[in-house]
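Here is what each chain is made of, one letter per residue.
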Amino acid sequence: MATTATHHLKAPIPTQLPELNDTSYFSEAQWQVFFALIDAVIPSIVTEATMTDPKNQLRVSQSQYEEAYEQTKRSLKHPPDYEKFKQYLEARPLDNPRFLQMLKRVLQRIPNGDRKRLGSILNIMTTRLGSLAAMGYCTPVHEQPVHVREKIIQAWSQSWVSVWPVIGKTLTTLARVCFSRTDPLLLELSDYKDFVDDYRPGPSFDFNFLQFEAGSELETVDTDVVIVGSGCGGAVCAKVLSEAGHKVIVVDKGYYFPPSQLPMAAEVANEFLYEGGGSIRSTNGTVNVLAGSCWGGGGTVNWSVSLQPQGFVRQEWADQGLSFFTTQEFQNCLDRVSDFMGVSDAQIRHNHGSNVILNGSKKLGWTAKPCPQNTGGAEHYCGRCALGCGSGEKQGPAVSWLPAASKAGAKFIEGFNVSKVLFDTNRRSKQAVGVIGTWTSRDKDGNVHTPESDRIRRQLQIRAKKVIVACGTLHSPLLLMRSGLKNTHIGRHLHLHPVGHINASFDEDIKGWEGGILTSVCTSFENLDGKGHGVKLEPSSMIPYMFLYNHPWRSALQWKLDALRCRQMNTYISIARDRYTGRVYPDPDDGRPIVDYNPSAFDRSHILTGIIALAKLCYIEGATEIWPWIQSVPSFVRRFKPTTQGEKDSIDQGINDPDFVAWLKTIEHAGLNFPDATFASAHQMGTCRMSAHPAHGVVDPEGRVWESQDLYVADASVFPSASGVNPMITNMAIADWIARCISRDLEKESQFRAAL
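Residues numbered from 1 in each chain as written. Predicted model: local features only at pLDDT ≥ 70, side-chain atom pairs only at ≥ 80, totals over all residues. Heavy atoms only, no water.

K.L.:
Just give me the short version of the overall build of the chain, but keep the residues and values in it.
P.N.:
Helices and strands together make up the secondary structure of the chain, namely 22 helices and 25 strands. For 756 residues, the compact-globule formula gives about 27 Å, and the C-alpha radius of gyration of the chain, at 26 Å, lands near that figure. Dimensions of the chain along its principal axes, counting C-alpha atoms only, are 95 × 65 × 55 Å. Scored against the burial criterion, the 756 residues of the chain give a buried share of 61%. Seen as two clouds, the 77 positive and the 79 negative side-chain charges of the chain have centres 3 Å apart. (Helix = DSSP H or I, 4+ residues; strand = E, 2+ residues; numbered from the N terminus. Rg over C-alpha atoms; globule rule 2.2 N^0.38 Å. Buried < 20%, exposed > 50% of the residue type's maximum accessible area, 1.4 Å probe, protein only. Lys, Arg positive; Asp, Glu negative; His and termini not counted. Charge placed at Lys NZ, Arg CZ, Asp CG, Glu CD.)

K.L.:
An account of unusual backbone geometry is needed here, citing residue identities and associated values.
P.N.:
The omega angle of the peptide bond from Leu-262 to Pro-263 is -10 degrees, so this bond is cis rather than trans. With respect to the helices, strands and loops of the structure, Pro-263 is situated in the loop between β6 (248-251) and α11 (266-272). For the bond running from Phe-674 to Pro-675, omega is 0 degrees, close enough to zero to count as cis. One non-glycine residue, Asp-191, adopts positive backbone phi at about 60 degrees. Within the secondary structure layout, Asp-191 lies in the loop between α9 (184-189) and β4 (204-205). In this structure, His-497 is a non-glycine residue whose phi angle is positive, near 50 degrees. The buried category is assigned to His-497, whose relative accessible area is 2%.

K.L.:
Now, about the state of the cysteines: what can you tell me, with residues and values included?
P.N.:
Summed over the entire model, instances satisfying the criterion amount to zero disulfides. Cys-237 takes part in no disulfide bond, and the closest cysteine sulfur to it belongs to Cys-741, at a distance of 10 Å. A residue is classified by how much of its surface remains accessible, and Cys-237, at 0% relative accessible area, is buried. Among the cysteines around Cys-688, which has no disulfide bond, Cys-471 carries the closest sulfur, lying 8.8 Å off. (Disulfide = S-S within 2.5 Å.)

K.L.:
Requested: an account of helix α8 (residues 163-182), with residues and values cited.
P.N.:
Each turn of an α-helix holds 3.6 residues, which means side chains three or four residues apart point in the same direction. A rise of 1.5 Å per residue sets the reference length of α8, with its 20 residues, at 28 Å; its end C-alpha atoms lie 29 Å apart and thus fit the reference within 8%. Across the 20 residues of α8, 18 count as buried, placing the element largely inside the fold. (Expected span 1.5 Å × (residues − 1).)

K.L.:
Which residues make up the side chain of Ser-681, and what values go with them?
P.N.:
Within the fold, Ser-681 resides in strand β23 (residues 679-681). Polar contacts involving the side chain of Ser-681 include one to the main-chain carbonyl oxygen of His-683, which spans 3.0 Å. Residues contacting Ser-681, with those up to four places away along its chain left out, are Val-287, Asn-288, Val-289, Leu-290 and Leu-496. (Polar contact = N/O pair within 3.5 Å; in protein donor to acceptor, adjacent residues only side chain to side chain. Contact = heavy atoms within 4.5 Å.)

K.L.:
Which residues make up the sheet that holds strand β14 (residues 492-494), and what are the values?
P.N.:
Strand order in this open sheet of three strands is β14-β19-β20, and the pairing throughout is antiparallel. Because the sheet does not close on itself, it has two edges, and the strands there are β14 and β20 (593-596). On average, adjacent strands in this sheet sit at an angle of 45 degrees to one another, irrespective of strand direction. Bridge analysis of strand β19 (residues 582-586) against β20 gives four bridges, and the strand direction is antiparallel. Directly across from Pro-586, in β20, lies its bridge partner Pro-593. (Pairing = 2+ DSSP bridges. Axes fitted to C-alpha atoms, helices over the stretch in contact; angles between N-to-C directions.)

K.L.:
If you had to explain the environment of Phe-195 to someone new, which residues and values would you point to?
P.N.:
When you line up the elements, Phe-195 lands in the loop between α9 and β4. For Phe-195 and Cys-385, which are 190 residues apart along the polypeptide, the C-alpha to C-alpha distance reads 9.5 Å. Those residues in contact with Phe-195 that lie beyond four places of it in its chain are Lys-10, Ala-11, Pro-12, Pro-263 and Arg-384.

K.L.:
Go over the pairing of strand β5 (residues 219-228), please, and point to the residues and values.
P.N.:
Extensive coverage of β5 is indicated by the burial of seven of its ten residues. As judged from the nine bridges shared by β5 and strand β13 (residues 457-469), these two strands associate in the parallel manner. Considered in β13, the bridge of Val-221 is made with Ile-462. Here β5 runs beside β6; their pairing, made up of four bridges, is parallel.

K.L.:
Describe the nonpolar core, naming the residues involved and giving the relevant values.
P.N.:
Residues Phe-34, Met-125 and Trp-156 are the most contacted members of the largest nonpolar core, which totals 98 residues. Here Trp-156 is in contact with Leu-37, Met-125, Ala-134, Met-135, Trp-164, Pro-165, Ile-167, Gly-168 and Leu-171, once residues within four sequence places are set aside. Grouped together as the second largest cluster of nonpolar side chains are 83 residues, Trp-317, Phe-324, Ile-729 and Ala-733 included. (Core = buried A, V, L, I, M, F, W, Y, C linked by side-chain atoms within 4.5 Å.)

K.L.:
Describe the packing of helix α1 (residues 28-41) against helix α5 (residues 112-124), naming the residues involved and giving the relevant values.
P.N.:
Packing of α1 against α5 brings their axes to within 9 Å, and their N-to-C directions diverge by 90 degrees. The angle between α1 and α5 places the two elements in the roughly perpendicular class. Each of Gln-30, Val-33, Phe-34 and Leu-37 in α1 lies in contact with α5, whose residues at this interface are Gly-119, Ser-120, Leu-122 and Asn-123. Among the residues forming the contact of α1 with α5, the class breakdown is four nonpolar, four polar and no charged. (Parallel < 35°, antiparallel > 145°, perpendicular 65-115°, else oblique. Nonpolar A, V, L, I, M, F, W, Y, C, P; charged D, E, K, R; others polar.)

K.L.:
I'd like to hear about the packing of aromatic side chains, residue by residue, with values.
P.N.:
Applying the stated criterion across every chain, the model contains 41 aromatic pairs. Summarising the aromatic geometry, the rings of Tyr-69 and Tyr-82 are spaced 5.2 Å apart at their centres and angled 80 degrees between planes, so their arrangement reads as edge-to-face. Of this pair, Tyr-69 sits in helix α2 (residues 62-75) while Tyr-82 sits in helix α3 (residues 82-90), and the two are 13 residues apart along the sequence. What makes Tyr-69 buried here is its relative accessible area of 9%. Among the residues examined, Tyr-82 registers a relative accessible area of 28% and is labelled partly exposed. (Phe/Tyr/Trp six-rings, centres within 6.5 Å; stacked < 30°, edge-to-face > 60°.)

K.L.:
I'd like a description of the pattern of salt bridges, backed by residues and values.
P.N.:
Working definition: two side chains of opposite charge can pair if their charged atoms are close together. Here the structure, examined in full by the defined rule, presents 43 salt bridges. Residues Glu-267 and Arg-98 are paired through a salt bridge, measuring 2.5 Å at the closest nitrogen-oxygen approach. Linking Glu-267 in helix α11 with Arg-98 in helix α4 (residues 97-109), this pair joins segments that are 169 residues apart in sequence. Since its relative accessible area comes to 8%, Glu-267 is described here as buried. Between Arg-639 and Asp-659 there is a salt bridge, with its nearest N and O atoms 2.5 Å apart. Pair noted here: Arg-639 is in the loop between β22 (636-637) and α21 (658-670) and Asp-659 is in helix α21, with a separation of 20 residues, a long-range link. A single salt-bridge network, built from bridges that share partners, covers Asp-700, Glu-702, Arg-704, Arg-744 and Asp-745. (Salt bridge = Lys/Arg side-chain N within 4 Å of Asp/Glu carboxyl O.)

K.L.:
Could you give an account of the environment of Gly-298, with specific residues and numbers?
P.N.:
For Gly-298, the position within the fold is in helix α12 (residues 298-301). Residues Gly-298 and Ala-386 lie 88 residues apart in sequence; the distance between their C-alpha atoms is 9.5 Å.

K.L.:
Can you tell me about α2, naming the residues and giving the values?
P.N.:
Look at α2: 20 Å from first C-alpha to last across 14 residues, which is about the 20 Å you get at 1.5 Å a residue. Every buried residue belonging to α2 is among Tyr-65, Ala-68, Tyr-69, Thr-72 and Ser-75, and all of these are buried. Each buried residue of α2 sits inside an arc of 135 degrees when the element is viewed along its axis, so together they form one side. Facing away from the buried surface of α2 by more than 90 degrees, the exposed residues are Ser-63 and Arg-74. Buried residues along α2 sit against β2 (44-47), β3 (57-60), α3 and α19 (556-564). (Arc of directions from axis to C-beta.)

That's the geometry; what it means functionally is another story.
Following this line, the structure appears as structure tokens:
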């Protein structure tokens, strides 16, 4: 297949967003209340002398304003001049069309039920009686001046009525994430762009996607194997099976975006590269789940980390009757997929964030190491892969596995939303014979932002000897459910590797979005219970909205000033191998995945241990201020004490600094309780788990669905429990094994038919 050279480009080709849907789900009064509250989170901030709108501008004293600027100058290596600082504080996000569009876009992706509940609460606040109950004021919130609105949101975090802290958290999160994605002055003063300065895109690949004419008849395509999903599991299966000589078709509801369109602007990436518009909230709001949803799946947006599962995890799985995981063959699968992508740590150049983990761990006597990367031996000093890899150096599914499958004869269909698996109804046992669904073309110009009604839509069925479901942990169980399978384990046993965050500021101009996202890990706390459950300590994505969206908000001025320091911050995660699980099920309105998961007290205690350890790492590496993502815990500000003559013989206390020790105790006392603390997840596993017996899982040790014949699952949903490491390599190795088993069975069946 041909490749297209685009190395002459100096910036990614922009991808357009679709038009917003109708916003009539809120009444005019509800919108007024909503915008009034959002405005109070990040308002225009002025002095009395410059105030022009008393209702919508937050006034601070001249001395407070001057002190804010002096503090900014002291804390930043490259502070803005006074005029730019003034413009930044005075800017009102609601006057920014991009901010407004982003808000509405986020709201339209929220499940209907959640949006209706939010609308009901907004309704309460449109009335005098409701306002009194909700806020302690008779005057409705949208008629209040902004300083009163700010106080209302601050008070909600302390409310004993459980709904108000949750609403406060929801509104502050919406405002923070949209502001940090769209505010032009924040991005300018931080010197942040969505792509690197020396941008040079890697080559695109011509997948020659199958196309279909418009028509009302059902279109049918025949093949040996149909693979539903083009991510880390499906792509490996495609390569293995096509290279073994089988006819393979890979289908995906997502679309291919070549390196020349990557990385995308943040709001565009969330629309086209991620499930649910960028984030899915668990039913009670405790966890924000990040999951890839495009051609190449999670492998298109992950962070290159290529860790193999540890011995205690392999043994745990083997003890469940899955002896394969302690065989040399499993290690062969792990090595095979790693070697194909050129996995190595030899080429890594660590940025500041990763060096804090490595150097801090060394100073504290902890164990830390580089994280191997799937970058084919390239240094890959880029921190934007969460928005798509523009260089093409990351050897994900769309760059390596699927092109290899294409060269071996595999065919591909993008934009194909599979509704169910088809079974042969003439047999007593369920035998999968294909899939059916709806294909949606690109428009005449090759774009996907235009309305689906303006593009070709066609009912399509693919008949196959074997069906592989590789839609990912959130969608694979839903497809099995829609297809009529009844195994009670389908959708259950959801593991998320929940994470807690900490942000830290340093006396350096870091610009943490430069350099590899995650190239080091501290493993000293990974086995806290002696049974393989604990946390790893890692740096995290420094794309501004990904670490500012939950940076603690206590006042508008405090948060806006903190955000301005983002170029000197790093963010870190305490990521748990969770023992307890949740489930995923279809939304009754539109069938989207709903995540029901609440981190257990057991797992939260491990995450808290990791957060305290991260704080120590940041302290010992010179952090000037540290913020745990716990609303009730203040930040720690390092006090630099000049040494006097009488103190010359005193020792450096390091993490035994009494102020620091006392602050750590406030974290321990606060704990991690929702909504004071929330969690995030970028790993999903276990909802179609593998088992040695039908009573204990969804698929057998070779990936076959227990309830049927010729139907397989090959993605992270088959993990028997949490992998404890970034799941890509484990996922690919298991898919490699399952695909080789399928190829063996196809060859046996072919030999049997030939012998007849």
